[in-house]
Amino acid sequence: MLWTKEHLYTLIPTFIIEIILSIILGKALKNKSDKVKMIPITVVTVILLVLEVLKQLNGIINGYDLYRLPFHFCSLFLYFLPLASFYYGKYKNEARILASTISTCLFLFMVVYPNLIYSGDAIKSAINYIKGDGGSFIDFHSVLFHTLALFEFFLFSALDVCKLESKKDLKLILIAFIIYCVIVGPLSQIIKTNFNNFYHSNVPPIEDIRLNLLSKISWPAQLIYVSIISVGTVLVPIGAYFIMKGSKKLYSKII
């Protein structure tokens, strides 16, 4: 199931609120300096970092598992966003391109397949956690983290804080995400932890194919699987880049 009823009830209002807020901020900061325009992005980035620290502390206190390590695809927010928010050197535009690209990737998944990011049960658990009626801090963290990270997509689109040059940008994106795959793909196999679906698939039909191949040709099947996931991990950001370009153009007409 791509969407659950819980996603329907929570994500659609989230999209509406974040779009409205981003338009308001875009209009209010349109003629401000670059540093002022970056304030909303930086504020959200700091909150995301605090949430990650709380998640790690929660694991240390209550029992740590390797799945908490920040090597997931969405963990790239923890690397790209601080660079985009706090680095003002020669390559600041490149940092912002990567940050806006990973934000757009999340937007794409949240539109097409939000159940892959977090489940409907996670939403219910997060709500119960807020109410103090049980629930899980990890579910609360996942829902809130991705909701705020999604907002970064709309902010980057509205605030016009990075300049796009397709040929140069696509080369940057290609290199960055290949590096991610080269590091995290093998790491997932070594420590047997499912970062970015590199170890096994959270999509049942794909997992059935992987297991079927493993039973027939053993370890080469896993190598083929990781290679396919790697190709997808590189292609999605490339596609997201063009969505980002379109989104920026749309916002420019509105703002």
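Residues numbered from 1 in each chain as written. Predicted model: local features only at pLDDT ≥ 70, side-chain atom pairs only at ≥ 80, totals over all residues. Heavy atoms only, no water.

1. Topic: the overall build of the protein
Check the secondary structure of the protein and you find eleven helices and zero strands. Going from N to C terminus, the protein has its helices and strands arranged as α-α-α-α-α-α-α-α-α-α-α. For 255 residues, the compact-globule estimate of 2.2 N^0.38 gives 18 Å, and the protein sits close to it at 19 Å. Projected onto its principal axes, the C-alpha coordinates of the protein cover approximately 60 × 50 × 35 Å. Taking as baseline every contact in the protein between residues at least 6 positions apart, the subset at least 24 positions apart corresponds to 76%. Accessible area for the protein stands at about 13,000 Å²; split by element, carbon and sulfur atoms hold 72% of it. In the protein, 24 positive and 15 negative side-chain charges are present, and the distance between their average locations comes to 10 Å. (Helix = DSSP H or I, 4+ residues; strand = E, 2+ residues; numbered from the N terminus. Rg over C-alpha atoms; globule rule 2.2 N^0.38 Å. Contact = heavy atoms within 4.5 Å. Areas by Shrake-Rupley, 256 points an atom, 1.4 Å probe, with all protein chains shown as cover. Lys, Arg positive; Asp, Glu negative; His and termini not counted. Charge placed at Lys NZ, Arg CZ, Asp CG, Glu CD.)

2. Things to note about the packing of helix α7 (residues 120-131) against helix α8 (residues 137-159)
Packing of α7 against α8 leaves a shortest axis separation of 8 Å and a crossing angle of 110 degrees. The angle between α7 and α8 places the two elements in the roughly perpendicular class. On α8, the residues touching A122, I123, S125, A126, Y129 and I130 of α7 are F137, D139, F140 and V143. Taken together, the residues of the contact of α7 with α8 sort by class into eight nonpolar, one polar and one charged. (Axes fitted to C-alpha atoms, helices over the stretch in contact; angles between N-to-C directions. Parallel < 35°, antiparallel > 145°, perpendicular 65-115°, else oblique. Nonpolar A, V, L, I, M, F, W, Y, C, P; charged D, E, K, R; others polar.)

3. Quick notes on helix α9 (residues 166-191)
In a regular helix each residue adds 1.5 Å, so 26 residues correspond to 38 Å; α9 covers 37 Å between its end C-alpha atoms and thus fits that length. Those residues of α9 not exposed but buried are D169, I173, A176, F177, Y180, C181, V184, G185 and S188. Elements that come into contact with the buried residues of α9 comprise α4 (77-86), α5 (92-112) and α11 (219-254). K192 sits one or two residues past α9 and shows a positive phi near 55 degrees. (Expected span 1.5 Å × (residues − 1). Buried < 20%, exposed > 50% of the residue type's maximum accessible area, 1.4 Å probe, protein only.)

4. Quick notes on a nonpolar patch on the surface
A cluster of nonpolar residues, V46, V50, V53, L54, L57, I60, I61, Y64 and F86, forms a patch on the protein surface that exposes about 850 Å² of accessible area. One can find I60 in helix α3 (residues 39-62). On the accessibility criterion, I60 (60% relative accessible area) is exposed. (Patch = residues over 30% accessible without salt bridge, like charges linked within 9 Å, V, L, I, M, F, W, Y side chains within 5 Å. Salt bridge = Lys/Arg side-chain N within 4 Å of Asp/Glu carboxyl O.)

5. Concerning the state of the cysteines
Each disulfide consists of one covalent bond between the sulfur atoms belonging to two cysteines. Evaluated as defined, the whole model comprises zero disulfides. Left without a disulfide partner, C74 is nearest to the cysteine sulfur of C105, which lies 8.8 Å away. A relative accessible area of 15% places C74 in the buried class. Here C162 stays unpaired: no disulfide links it, and the sulfur of C105, its closest cysteine neighbor, is 14 Å away. (Disulfide = S-S within 2.5 Å.)

6. Quick notes on the pattern of salt bridges
A complete count under the given rule lists ten salt bridges for this structure. A salt bridge links E52 to K55; its shortest N-O distance comes to 3.6 Å. With E52 and K55 both in helix α3 and three residues apart, this pair spans about one turn of that helix. This pair shows no difference in class: E52 is buried, exactly as K55 is. Its salt-bridge partner being K248, residue D160 comes within 3.1 Å of it at the nearest N-O pair. Here K248 lies in helix α11 and D160 lies in the loop between α8 and α9, a separation of 88 residues in the sequence. According to the relative accessible area criterion, D160 is partly exposed, its value standing at 36%. Residue classification places K248 among the buried residues on the basis of a relative accessible area of 11%. Each of E6, D121 and K124 takes part in one network of salt bridges that share partners.

7. Observations regarding the side chain of T42
Along the chain, the position of T42 falls in helix α3. With relative accessibility at 16%, the residue T42 sits in the buried group.

8. Some words on the nonpolar core
Across soluble globular proteins, you tend to see nonpolar side chains buried next to one another. F77, L106, M110, Y118, F154 and F177 are the most contacted members of the largest nonpolar core, which has 63 residues in total. Elements represented by at least two residues in this core include exactly α1 (5-28), α3, α4, α5, α7, α8, α9 and α11. Of the residues forming this core, the biggest block, 14 residues, is contributed by α8. (Core = buried A, V, L, I, M, F, W, Y, C linked by side-chain atoms within 4.5 Å.)

9. A closer look at the packing of α8 against α11
At a minimum axis distance of 7 Å, the contact between α8 and α11 shows a crossing angle of 55 degrees. Here α8 is positioned oblique relative to α11, judged by the angle of their axes. The two elements α8 and α11 cross, and the hand of that crossing is right-handed. From α8, F153, F154, F156, S157 and A158 reach across to α11, where they touch S247, K248 and Y251. Of the residues belonging to the contact of α8 with α11, the class tally is five nonpolar, two polar and one charged. (Left-handed = near helix turned anticlockwise from the far one by under 90°.)

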